[in-house]
Amino acid sequence: MSRLPVSEQELVERFGPHLNQEPPGGWNHGLDIDREVKTHCCFCGQQCGIKLKVANDEVVGFEPWYDFPFNEGKLCPKGVKRYLQGNHPDRLLEPLERDASVEGGFRTVSWERALDRTVQEIRRIQDAYGKDSFALLSGVSLTNEKSYLIGKFARLALQTANLDYNGRLCMVSAGAGNKKALGMDRAPNPWSDIPLADVVFVAGANVAECAPITTSYIWRARDRGAKLIVADPRVTPLARTADVFLGLRPGTDSALMGSILHVLIENDWLDHHFIDEHTSGFADAAAAVSGYTPEWGASTCGVPADRIIEAARLWGTSDTGMLLHARGIEHQSKGVENVLSCINLGLATGKYGKPGCGVSTITGQGNGQGGREQGHKCDQLPGNRDVTNPEHRAYVAGVWGCDESEIPGKGLTAQEIIEAIHDGQIKGLLSICFNPAVSLPDTANTAAALDKLEYYSVIDFFLSESAQHADVVMPGSLHEEDEGTTTSVEGRAIKINAAVPPPGNARRDWEIFLDLAERLGRGKYFRYNGTEEIFDEMKVASHGGTADYNGMTWQRIEDEQGIFWPCPEPGHPGTPRLYEGGIFAHPDGRARFHGIEFRPPAEVIDEDYPVWLTTGRVISQYLSGTQTRRIGALVEQYPEPLCEMHPRLAAELGVESGDLVTVRSRRGNMTTPARVVETIRPDTVFIPYHWAGDRAANQLTNTALDPISKIPEYKVCAVSVEKAEGHVEIRDRRVTTLQERAAGGGHTAGDPEGRAAR
Amino acid sequence: MNPAAPTIVDPLVGARMFVIDQSRCIGCEACVQACEECGTHRGQSLIHLEFVERGATTQTAPMVCMHCDDPTCAEVCPADAIKQNEAGIVQSALKPRCIGCSNCVLACPFGVPKYFALPDQMMKCDMCYDRTSVGLAPMCASVCPSQALWFGTEDEFEETRSGQLMHEFRFGNQVVPTKVATVVADRTAGPVDVMTADDAPRWQDDPFGLGDG
Amino acid sequence: MPLDLRAVAIASLAVLVVLVGVYLGSGGLRWFDAALAGYLIGVLMAVFATVYRYLVWLQRPPTALMNKRGWESFRSSGRLGRNAIGFVGLVGTNLLTQGFIRRRSTARWAAHQLLFWGCILAAAVTFPLTFGWMHFESVGQDGSEYRAYLFGVGTGTFQAESVVGFVTFHLLNIAAFLVIAGVLVFLYRRLRDPGALAVEREGDFLALAGLFAVSVTGLFLTASSLWLDGAFYSFLNNLHALTVILGLMYIPFGKLFHIFQRPANLGVHFYRAEGELGAPQSCRRCGEPFASEMQMSDLKTVLPLVGFDYRTNSGGSDDPAEPAGNYQDTCPRCRRASVTLAQCARVGGFG
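Residues numbered from 1 in each chain as written. Chains lettered and ligands numbered in written order. Predicted model: local features only at pLDDT ≥ 70, side-chain atom pairs only at ≥ 80, totals over all residues. Heavy atoms only, no water.

## Regarding the overall build of chain C
Alright, step 1. Check the secondary structure of chain C and you find 15 helices and 5 strands.
Alright, step 2. Taken against the 2.2 N^0.38 rule, which gives 20 Å for 351 residues, the C-alpha radius of gyration of chain C at 27 Å runs more than 25% over that of a compact globule.
Alright, step 3. Oriented by its inertia axes, the alpha-carbon framework of chain C measures out at about 90 × 45 × 40 Å.
Alright, step 4. The contacts of chain C with a sequence gap of at least 6 include a subset with a gap of at least 24, amounting to 58%.
Alright, step 5. Per element, the accessible surface of chain C, about 17,700 Å² overall, is 68% carbon and sulfur.
Alright, step 6. For chain C, the separation between the mean place of its 29 positive charges and that of its 22 negative charges on side chains is 8 Å. (Helix = DSSP H or I, 4+ residues; strand = E, 2+ residues; numbered from the N terminus. Rg over C-alpha atoms; globule rule 2.2 N^0.38 Å. Contact = heavy atoms within 4.5 Å. Areas by Shrake-Rupley, 256 points an atom, 1.4 Å probe, with all protein chains shown as cover. Lys, Arg positive; Asp, Glu negative; His and termini not counted. Charge placed at Lys NZ, Arg CZ, Asp CG, Glu CD.)

Structure, rendered in structure tokens:
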């Protein structure tokens, strides 16, 4: 049903991605502004403070917000150029309905038509196949208020269990690991703890490109004399200066951590008092790693044994230490185990609940932290409550004014929803803030699923690659067009302020959901006059849960430049650091060790697919690129995916930098330029995943899921690489002048097919 | 006018100084992107940032104008178009005078000035004069996530950063004192000797333990 | 800076040439209007100072060498003819229509063109009048018809009330309006754009203020004679003369001196073309060509003259055992890379 209405090329011609190169009025226009609006960057979980400059209700520039404590004015290039997503030629201004007979495949329709059609289809599908046959996929670039509203909308208006979100592709492994071990899903530390650490251990996190501002926190620790350990298959810009670099093989993280724990135990670099008083299960953990000698670790991980010992020594003998991990260890079919193996290191050395100590995940998505707490995750209700727990259900039903039985049970996770579409269980889909066609593994599989849907409706501000498959597209709001709160990587709730109103007939997302609920006959549950009313209900709904926002108000959040949850009562100062005094969130106050035995990745290299592939991000792009692939200055910085490979592998393949290579996996193949660098393991290639269609790295990745978190294994699969026809010149710098830009530029040049346009 | 603009104060208020510590650069290009937002040259980025040699390392080379005490660029300018202000800031070429000869581009020991063919003029970093002249930090140093580009007082530097400030560079026989500082472990070893650069040691000399360096 | 006696002599000679020109062109002062003597004195002072400053400027080593090379390149064997044609084109595009400004900003270009043509027009009228090279005489008794004389030679007659007459008598007013419009566009840009305002130098405002004052006081004179029966005319006349004379004397010292410097840009075009025909300079570090050998060689000649020594050997001896390297043979990109690597070496290493 939902096949692309017209050719991809025609869709791209009409809806983009096109590049916005200049601020409104052009560069020569003087910056004569009406106001500056304090808000936050929409790209990534650091949620840096930024001031947007507004003139004539358009965002025309930015100014560093020096007074916001997290970033003190610092921004990465995405933050600097975020303002160019407004006033964009691709911006959706009217509702669209697919119509293959018109140019671009979509005709403009009224809001009445778009909403009525969507509701008719929901009713038709649910009447025919049951309530759960209509799913909702959401995303965590949305505010807490929208996340809460969507969770409630799915349960009470759509009445489906099948609601999940793209946080499933982000930090669910960390969340699950933290809950199991510590009893609560939040990074245990404010970032101000990082500079207090004597050793900083970065595992599977390309901090410089994916959480750039964290770099300055790490350097502040190093300026005090802290040592830096980095575990990564690539020498990332931060790893370049590490004191100990552990260049491990993809998918061997729990083996590395197990080996380090083994060395800690061997040398008695342990905090026995902490283990005895504040934890349980140490014996299991120790037993699991009893055979994980440094030599075993070296052969399993491909890291010199002496470096494993040195890392253990630094970690074990330092009074304070922070371990920061991210998608590198979490995007695996053993993501939760990897996280638990890191937590074991923190618990074994007593590095919790005091200044400069903790094991923290670096949340990736804008509101990755807050979004998952407010209940738009298939297994959770607001306040990080469990949708299967009768008490939790009863409390939330009370806040919502519904019967507990009206709240559906646990639904399918994001990737499982795609598989359920293939199985015919799910027939209809509404999605917002999620571009599964690019971001889920095995893009051919995802596209085929979207095409099987009887009805697909999308709320978005640009026509994303997923929206190309839709029947109805409703133009929603950009980050700067609505207000609300988000919760940053630190667990700090912050205020997002609207700088401008939505343009044209685009509407604020929450208003769209209110209208849909009304038409579904469930309007009585959705009587809000503004987003602040949603917040006020949300904080009550969160009260008593672990993520308790009850004591917060918008006013307080702004006045105090953010409040860390839990903040259970008015007047409560919030909780920057968790587990102070070694009191954990499990009922007995103790943290849990877990015995982690190494498991290999779901797919390992073999004769046919002899090279490891790992995927990741680049500094200038954000997630599936719906926004950042439309900002000219960011696209120029890294216009298309490059396949990084070591000179040894390149020599075997007869490949030089700039040569096109074809990378194949069991799922698909792609052809892209090679960049030959000594900064990656010789047995591994890396491709960033931000692009769509034939440039999508997710054509290759594996849909294998972690059994607990259901996160896909983006970071490890087996591929073959061969030289292909063609060569492009790869520049070592971005074009920086208008004139170079006019001449066309970026890191690749001389590309006859104009591939850089996408 | 910008309603939030503070009142005009002395240039480089409170003796704040610019420090560049290239070793910390993560190559993110926030500075490059922010530079073109600077009011005096909107749309043109004047800071330099490129890989030293991407095949071997992720080390990047950021470069702002070092604001030499005795600027080579100004001395070789036939048009007398490059001026230093009272605060020691070496300004971009005076537009009416610059004749586009590129002498400054070729003579600057730091490789800073940029020649722009369409206006037929040189432009260079002026330490965000529109910002520093009203007491704001330059764009690049404001946004720099690693703080490889840093703006503050000498006291702040000593309180918060390791290393020592160095204001002198050696290029062959020529020692060039600069207003912008860089960071060295030990100041007593003398000026940063640029011509011995290619002997610099690798931080990770064999990152993957391949045994062949 | 010590007084340059050679420049004084040449500047004095230039003043003398102007005086002789005035004497001859005005028929032995017959057509010279004594009321304009103040303006003549202002012009003579401006001529002296401009020529003096120009000569001093030309003596700066980089300027002298660029000047020499520019002419050499222009005369370069076999291309003089082509260069002469190119020269005419460059005068048109760079000096008259100033396309290089338009590429920066259309508004800036429009403002500059208004100022430029306003000033050219005003100069074309006032200089011949002041020098007595041009004057008007009425034809007949009723004062309705005039004849313009150039170097004493009568040209066509025109009716005072005709369009030609109106335009002729109001040429200076037209020039004033052009200049004022240009000044206002510049001011508007600067006051609206904090960035433009920040790089504003006092001299920029002074130049604009001077042009504005000259134009406005000139317009006052017209207003006085047309609508106020000559009220305040004498005062206004003195005021206008004062602003003009001050303006003339400002030319060599302020921003307006670029009128004389900017044409050097034409020489650079020939210099660049000549350089591209010759051998390129390769970088001592990466081996890539990055400039013309001629320009790098010129720079290496100029640098010691302005007090720099970028050579690598001690004292730059001719001893073959101590080869004379030069940091200046490094391309700008490698310079930046080298500075980074050298700094990294001083803090422990690089990637």
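## What about the environment of threonine 222 of chain C?
All names here are of chain C.
Alright, step 1. Locating threonine 222 in the fold gives a position in helix α10 (residues 202–227).
Alright, step 2. A residue is classified by how much of its surface remains accessible, and threonine 222, at 18% relative accessible area, is buried.
Alright, step 3. For threonine 222, the residues in contact, after removing those within four places along its chain, are His170 and Asn173. (Buried < 20%, exposed > 50% of the residue type's maximum accessible area, 1.4 Å probe, protein only.)

## Focus: the nonpolar core
Residue and element names in this part refer to chain A.
Alright, step 1. Phe153, Phe201, Leu246, Ile260, Met474 and Phe526 are the most contacted members of the largest nonpolar core, which totals 114 residues.
Alright, step 2. Both domains that meet at this core, namely domain 2 (96–170 + 367–575) and domain 3 (172–361), each give it at least three residues.
Alright, step 3. Phenylalanine 153 has contacts with Leu136, Leu158, Gln159, Leu430, Phe513, Leu516, Ala517, Leu520 and Phe526, leaving out every residue within four places of it along the chain. (Core = buried A, V, L, I, M, F, W, Y, C linked by side-chain atoms within 4.5 Å. Domains from an automatic or database assignment.)

## Things to note about the packing of aromatic side chains
Residues and elements named next belong to chain C.
Alright, step 1. Counted by the stated rule, this structure contains 39 aromatic pairs over all chains.
Alright, step 2. A ring pair is formed by tryptophan 133 and phenylalanine 151, whose centres lie 5.4 Å apart and whose planes are at 40°; its orientation type is tilted. Within this pair, whereas tryptophan 133 is found in the loop between α6 (106–131) and β1 (134–139), its partner phenylalanine 151 is found in the loop between β2 (145–150) and β3 (153–159), the two being separated by 18 residues in sequence.
Alright, step 3. Judged by relative accessible area, which is 24%, tryptophan 133 ranks as partly exposed.
Alright, step 4. With a relative accessible area of 44%, phenylalanine 151 lands in the partly exposed category.
Alright, step 5. For the ring pair phenylalanine 136 and phenylalanine 158, a centre distance of 6.3 Å and an interplane angle of 80° mean the geometry is edge-to-face. (Phe/Tyr/Trp six-rings, centres within 6.5 Å; stacked < 30°, edge-to-face > 60°.)

## Quick notes on the interface of chain B and chain C
Alright, step 1. Listed as interface residues are 82 residues of chain B and, on the opposing side, 69 residues of chain C.
Alright, step 2. Carbon and sulfur atoms supply 58% of the area buried between chain B and chain C, which totals about 6,100 Å² over both sides.
Alright, step 3. For arginine 285 of chain C, the salt bridge identified is with aspartate 198 of chain B, shortest N-O distance 3.0 Å.
Alright, step 4. Looking at the side of chain B that touches chain C, the elements with two or more residues in it are β2 (48–51), β3 (60–63), α2 (72–75), α3 (103–107), α4 (129–132), β7 (164–171), β8 (174–184) and β9 (192–193) of chain B. (Buried area = accessible area lost by both parts, 1.4 Å probe. Salt bridge = Lys/Arg side-chain N within 4 Å of Asp/Glu carboxyl O.)

## Things to note about the domain arrangement of chain A
Residue and element names in this part refer to chain A.
Alright, step 1. When the domains of chain A are assigned, the result is domain 1 (19–85), domain 2 (96–170 + 367–575), domain 3 (172–361) and domain 4 (611–757).
Alright, step 2. Contact with domain 1, which involves 14 residues of that partner, is made by 18 residues of domain 4.
Alright, step 3. A buried area of about 1,300 Å², summed over both sides, lies between domain 1 and domain 4, and 67% of it is on carbon and sulfur atoms.
Alright, step 4. For the domain 1 face of the interface with domain 4, the top three residues by lost area are Leu19, Phe43 and Lys78, together amounting to 40%.
Alright, step 5. The tally of links between domain 1 and domain 4 comes to 0 salt bridges.

## Let's talk about the sheet that holds strand β3 (residues 58–64) of chain A
Residue and element names in this part refer to chain A.
Alright, step 1. Spatially, 3 strands are ordered β1-β2-β3 in an open sheet, and the strand pairing comes out antiparallel. Looking at which strands have only one partner, the edges of the open sheet turn out to be β1 (35–40) and β3. Across the sheet, the mean angle separating the axes of adjacent strands is 35° when strand polarity is ignored.
Alright, step 2. Note that β1 and strand β2 (residues 49–55) share 6 bridges and pair antiparallel. Its bridge partner lying in β2, glutamate 36 is registered against lysine 53. (Pairing = 2+ DSSP bridges. Axes fitted to C-alpha atoms, helices over the stretch in contact; angles between N-to-C directions.)

## Remarks on helix α7 (residues 214–223) of chain A
Residue and element names in this part refer to chain A.
Alright, step 1. Burial runs high along α7: 9 of the 10 residues are buried.
Alright, step 2. Within the span of α7, buried status applies to Thr214, Thr215, Ser216, Tyr217, Ile218, Trp219, Ala221, Arg222 and Asp223.
Alright, step 3. Looking one or two residues past α7, glycine 225 carries a phi angle of roughly 105°, positive in sign.

## Re a negative patch on the surface
Alright, step 1. There is a patch of like negative charges on the surface, built from Glu154, Asp155, Glu156, Glu158 and Glu159 of chain B.
Alright, step 2. Tracing the backbone through its elements, the reader meets glutamate 159 of chain B in helix α6 (residues 154–160). (Patch = residues over 30% accessible without salt bridge, like charges linked within 9 Å, V, L, I, M, F, W, Y side chains within 5 Å.)

## Digging into unusual backbone geometry
Alright, step 1. Of note, the bond from glycine 16 of chain A into proline 17 of chain A is cis; its omega dihedral lies within 30 degrees of zero at 10°.
Alright, step 2. The topology assignment puts proline 17 of chain A in the loop between α1 (8–15) and β1.
Alright, step 3. A cis amide bond, omega 0°, links tryptophan 565 of chain A with the succeeding residue proline 566 of chain A.
Alright, step 4. With respect to the helices and strands, the residue proline 566 of chain A is situated in the loop between β21 (563–564) and β22 (591–592).
Alright, step 5. For asparagine 56 of chain A, which is not a glycine, the phi torsion comes out positive at approximately 50°.
Alright, step 6. Along the chain, the position of asparagine 56 of chain A falls in the loop between β2 and β3.
Alright, step 7. Note on asparagine 56 of chain A: relative accessible area 66%, which makes it exposed.
Alright, step 8. The residue methionine 127 of chain B is not glycine, and still its phi comes out positive at about 50°.

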